[in-house]
Amino acid sequence: MTMNTQGRPTTPAAHDAPHDDGASARKTFTGNRGLDMEEPLIFEIGRPDVTGVDLDAPLAVTPRLGALARKAPLDLPGLSEPEAVRHYVRLSRNNYAIDSGLYPLGSCTMKHNPRLNEKMARLPGFGDAHPLQPQATCQGALELIYTLGEWLCELTAMKAVAMSPKAGAHGELCGMMAIKAAIAARGEGATRNVVLVPDSAHGTNPATAALIGFTVRPVPAGEDGTVRPDAVKAALGPDVAAIMLTNPNTCGLFEPAIVEIAEAVHAAGAYFYCDGANFNAIVGKTKPGDLGVDAMHINLHKTFSTPHGGGGPGAGPVVLSERLAAFAPAPFVRKQDETYALVEHAKGTTSFGRMTAFHGQMGMFVRAMAYMLSHGADGMRQASEDAVLAANYIRASLGDLMSAPFGDRMCMHEALFDDEWLKGTGVTTLDFAKAMIDEGYHPMTMYFPLVVHGAMLIEPTESESKASLDLFIATLRDLAMSAKKGETDRFTGAPYLAPRRRLDETRAARNPVLKWTRPAPQAEAAE
Ligand SMILES: *Cc1c(COP(=O)(O)O)cnc(C)c1O
């Protein structure tokens, strides 16, 4: 394999699959494989002395930066416009996206994002609004934030909402800070410092609790993948500030004892934080406030379609119960008569402060609002029902071949399988997932939740048609039968057909090479 100066392979690895017909092993002069282009880094193809724009020379100015003035050129790579466009288009084609195929990642809700939402978010009154412009000039934007907040409260039967958190994990932090403030206001800040977190929790839950100084006390999951009220009661005590529970949980199951758990938590003087990232499964079906929840974040980017992946942007508004409403962070939108005001400083209130510089992710608010308006109450309920139906269709259609730890129960939005069925085949969950790439599918979530061995968590969402689900199921059945027949080659070396083969992910995580360094001139000449 030829390496470039940065140690990256310049050509795809040899395609040496034993069942390969040889066509894919054929080397090409360019390194491209048909329309599958090898794209170097922009630093490798651009040159500092080239530019795609023709600007007049800048006016003479007297620099006032003193010693801070840059002495050497910035050394940014330049390309002509067509070259720059090609570079980014080629990179984008290497990206697997919900717009290119079914994205079965569990715990992530990769659903279709209607184009209408994008159009609405680009309306100049929303898209070009500046967070510091006079409030009289952006009443419509404030009204939208206010209305969306009201609707989130309505959908969850909660009292107040904090719109500013910028992701699910940020929302968790916000909700737990409100709980911390409420406990401090009761004068119990020094004594109530434990947060109960079930074993099956999303990793962000214990991380959030620990970040703001709580001690995490784990609650073991029951045999059936749900949290047992007895286990919660045994862990409760005068030192417990809150429980953080995910519902539907990360095994894709609805927590049936949630009301009993909420009552026990309240009786012990603690608060009930619900991780509502999986709200997509229950919108319009049940309201967390009615179940005894005190605080819950909603991932707009999972439930109300606003796009995510690749690190954002997200939006994680937090709804708060009557008991916590007074501690909501600033800013918030207040409606007086027909005027909306962004209350920036909640002086004289018990607000715990603020989470962000401004009011939150405006573009995401617009997309979520457009999603809600275009679906209506019945449409949102149907989206939840269809998401659950699609997940159960997958669970039922694969259950005879792949073992499912809680497969005898209906699941909610995601279907969970383990690796019991792969025992003795020489194929692991990782191998199976990698073989899916050769079939043109993004793998499902692997090895999560941790409470299930070799977990494979599949969330199809409501976006997929029956035909699309059927093809996905047929593909997984074909792979599963192949694994059971002992065709290990199809798996252990997979992916064979991706631009890159199996990466050393541990080394990439431990020793990431994040910086491009210009090769020495002689090395360049030698290459
Ligand atoms: C996605 C998710 C989170 C975190 O949300 P981010 O927006 O990625 O920070 C937390 N909990 C659960 C259960 C999730 O699925």
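J.: Explain the overall build of the protein chain residue by residue, including any values.
T.: For the protein chain, the count of helices and strands is 16 helices and twelve strands. Taking all 527 residues of the protein chain together, 47% fall into the buried category. A fraction of 71% describes how many contacts in the protein chain between residues 6 or more apart in sequence connect residues 24 or more apart. For the protein chain, the exposed area adds up to about 26,000 Å²; of that, 57% sits on carbon and sulfur atoms.

J.: Tell me about the side chain of N280, and name the residues and values.
T.: Mapping N280 onto the fold places it in the loop between β5 (271–275) and β6 (295–297). Among the polar contacts made by the side chain of N280, one reaches the side chain of E462 at a distance of 3.2 Å. In contact with N280, not counting residues within four places along its chain, are T109, K111, K302, T303, S384, A387 and E462.

J.: So what about the site of the ligand? Which residues, and what values?
T.: Around the ligand, the structure places 14 residues, and the nearest of them are G168, A169, D275, H301 and K302. For the ligand, an oxygen atom lies 2.8 Å from a polar atom in the backbone of A169. Protein chains shield 85% of the accessible area of the ligand, which is 380 Å² for the free molecule. Contributions of two or more residues to the shell around the ligand are made by α6 (168–185) and α10 (300–303). Among the elements that make up the shell around the ligand, the one with the highest residue count is α6 (three residues). For the shell around the ligand, the class distribution of residues is three nonpolar, eight polar and three charged.

J.: Outline the packing of helix α11 (residues 362–398) against helix α13 (residues 466–484), supporting the account with residue identities and numerical values.
T.: In contact at an axis separation of 10 Å, α11 and α13 are set at 30 degrees when each is read in the N-to-C sense. Classified by the angle their axes make, α11 and α13 are roughly parallel. In this structure, α11 meets α13 at a crossing whose hand is right-handed. Residues A390, Y393, I394, S397 and L398 of α11 pack against K466, L469, D470, F472, I473, L476 and R477 of α13.

J.: How would you sum up the pattern of salt bridges? Please name residues and give values.
T.: Opposite charge on two side chains makes pairing possible when the charged atoms of those side chains draw close. Within this structure, the stated rule accounts for 27 salt bridges. In this structure, the salt-bridge partner of E462 is K111, at a minimum N-O distance of 2.8 Å. Pair noted here: E462 is in the loop between β12 (456–458) and α13 and K111 is in the loop between α2 (81–93) and α3 (115–121), with a separation of 351 residues, a long-range link. Look at K111 and you get buried, because its relative accessible area is 3%. Between E505 and K434 there is a salt bridge, with the nearest N and O atoms lying 3.1 Å from each other. Of the two residues, E505 sits in helix α15 (residues 505–510) while K434 sits in helix α12 (residues 429–438), which places them 71 residues apart along the sequence. Salt bridges sharing common partners tie together E118, R122 and R367.

J.: Give a detailed account of the sheet that holds β6, specifying residues and quantitative values.
T.: On the basis of which strands lie adjacent, the open sheet formed by seven strands has the order β1-β7-β6-β5-β4-β2-β3 and mixed pairing. Here the strands that pair on one side only, and so sit at the sheet edges, are β1 (160–162) and β3 (215–219). Put simply, the sheet's adjacent strands are angled 25 degrees from each other on average, direction ignored. Note: strand β2 (residues 194–198) against β3, five bridges, orientation parallel. Counted as the bridge partner of L196 is R217 from β3. Here helix α5 (residues 139–156) sits on the sheet in contact with β1, β6 and β7 (318–320), set at roughly 125 degrees to β1. Of the strands in this sheet, β4 (240–246) and β5 are in contact with helix α9 (residues 258–267), which crosses β5 at around 145 degrees.

J.: Outline the environment of A295, supporting the account with residue identities and numerical values.
T.: As for its placement among the helices and strands, A295 is situated in strand β6. Owing to a relative accessible area of 0%, A295 belongs among the buried residues under this scheme. In sequence terms A295 and G276 are 19 residues apart; their C-alpha atoms lie 9.2 Å from each other. For A295, the residues in contact, after removing those within four places along its chain, are M158, G175, F272, Y273, C274, V319, L320 and L324.

J.: Account for the nonpolar core, with residues named and values stated.
T.: Formed by 60 residues in total, the largest nonpolar core has its most connected members in L152 and F304. Counting only elements with at least two residues in this core, the list comes to α5, β2, α8 (229–235), β4, α9, β5, β9 (339–343) and α11. Considering each element in turn, this core owes the most residues, eleven residues, to α11. If you count residues domain by domain, this core takes at least three from each of domain 1 (118–372) and domain 2 (376–500). Residues contacting L152, with those up to four places away along its chain left out, are V161, M163, I298, L300, F304, P317, V319 and M372. Formed by 31 residues, the second largest nonpolar core is a distinct cluster that contains L102, A433, A435 and A494.

J.: Give a detailed account of the packing of aromatic side chains, specifying residues and quantitative values.
T.: In the structure shown here, the tally under the stated rule is eight aromatic pairs. Here the aromatic rings of Y96 and Y103 are separated by 5.5 Å at their centres, their planes lie at 75 degrees, and the arrangement is edge-to-face. Between the NZ or CZ atom of K180 and the centre of the ring of F214, over which it lies, the distance is 5.0 Å.

Reading the values: rules and limits
Residues numbered from 1 in each chain as written. Predicted model: local features only at pLDDT ≥ 70, side-chain atom pairs only at ≥ 80, totals over all residues. Heavy atoms only, no water. Helix = DSSP H or I, 4+ residues; strand = E, 2+ residues; numbered from the N terminus. Buried < 20%, exposed > 50% of the residue type's maximum accessible area, 1.4 Å probe, protein only. Contact = heavy atoms within 4.5 Å. Areas by Shrake-Rupley, 256 points an atom, 1.4 Å probe, with all protein chains shown as cover. Polar contact = N/O pair within 3.5 Å; in protein donor to acceptor, adjacent residues only side chain to side chain. Near = heavy atom within 4 Å. Nonpolar A, V, L, I, M, F, W, Y, C, P; charged D, E, K, R; others polar. Axes fitted to C-alpha atoms, helices over the stretch in contact; angles between N-to-C directions. Parallel < 35°, antiparallel > 145°, perpendicular 65-115°, else oblique. Left-handed = near helix turned anticlockwise from the far one by under 90°. Salt bridge = Lys/Arg side-chain N within 4 Å of Asp/Glu carboxyl O. Pairing = 2+ DSSP bridges. Core = buried A, V, L, I, M, F, W, Y, C linked by side-chain atoms within 4.5 Å. Domains from an automatic or database assignment. Phe/Tyr/Trp six-rings, centres within 6.5 Å; stacked < 30°, edge-to-face > 60°. Lys NZ or Arg CZ within 6 Å of the ring centre and 35° of its normal.

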